[in-house]
Amino acid sequence: QVQLVESGGTMVQPGGSLRLSCAASGFDLTYYNIAWFRQVPGKEREGVSCSSSDGSESYLDPLKGRFTISRDNAANTVYLQMNNLKSVDIGHYYCAAVAGSSGCRLDRYEYDYWGQGTRVSVSP
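Residues numbered from 1 in each chain as written. Predicted model: local features only at pLDDT ≥ 70, side-chain atom pairs only at ≥ 80, totals over all residues. Heavy atoms only, no water.

J.: Summarise the packing of aromatic side chains; cite the residues concerned and give the values.
T.: Taken as a whole, this structure holds 5 aromatic pairs when the rule is applied. Centroid distance phenylalanine 37 to tryptophan 114: 5.0 Å. Interplanar angle 50 degrees. Geometry classified as tilted. Of this pair, phenylalanine 37 sits in strand β4 (residues 32-39) while tryptophan 114 sits in strand β10 (residues 113-114), and the two are 77 residues apart along the sequence. An aromatic cluster is present here, built from Phe27, Tyr32 and Tyr113 joined pairwise through their rings. Here the guanidinium or amino end of arginine 45 rests over the ring plane of tyrosine 94, the centre of that ring lying 3.8 Å away. One cation-aromatic arrangement involves arginine 45 over tryptophan 114; the distance from NZ or CZ to the ring centre is 5.1 Å. (Phe/Tyr/Trp six-rings, centres within 6.5 Å; stacked < 30°, edge-to-face > 60°. Helix = DSSP H or I, 4+ residues; strand = E, 2+ residues; numbered from the N terminus. Lys NZ or Arg CZ within 6 Å of the ring centre and 35° of its normal.)

See below:
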């Protein structure tokens, strides 16, 4: 039924770019807040970016200007464009969704639906 599937993670060189995709099924993302989180082994899952159903966006402050969240409503898909990647950007990236609201927050406990993650590595 409700499902989120991430894709696009791979190994890239420092300074490179990636676009991650999160395809939703079983519900319409236009009525949901959507967020990206990342996690390195041994650390808590960290909010990267979110997009609310009313069009607001938020970013983890160090990533502002390098990462961009976007939606393709027709494809029921959300993207995370990542530019100028650094070694600190490595980890498993997850998308998550919750019923829409005015604005969104990078709090993992607010999200109800999660994908299984896609791995991002940054290495020369």
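J.: Explain the side chain of asparagine 33 residue by residue, including any values.
T.: With respect to the helices and strands, the residue asparagine 33 is situated in strand β4. A distance of 3.2 Å separates the side chain of asparagine 33 from the backbone oxygen of glycine 103, its partner in a polar contact. (Polar contact = N/O pair within 3.5 Å; in protein donor to acceptor, adjacent residues only side chain to side chain.)

J.: Tell me about the state of the cysteines, residues and numbers included.
T.: Linking two cysteines covalently through their sulfur atoms gives a disulfide. Following the criterion strictly, the structure yields 2 disulfides and no others. Note that cysteine 22 is cross-linked by a disulfide to cysteine 95, the S-S spacing being 1.9 Å. Disulfide cysteine 22 to cysteine 95: torsion about the S-S bond roughly 65 degrees, handedness right-handed. One end of the pair, cysteine 22, is in strand β3 (residues 18-25); the other, cysteine 95, is in strand β9 (residues 91-99), and 73 residues separate them in sequence. (Disulfide = S-S within 2.5 Å.)

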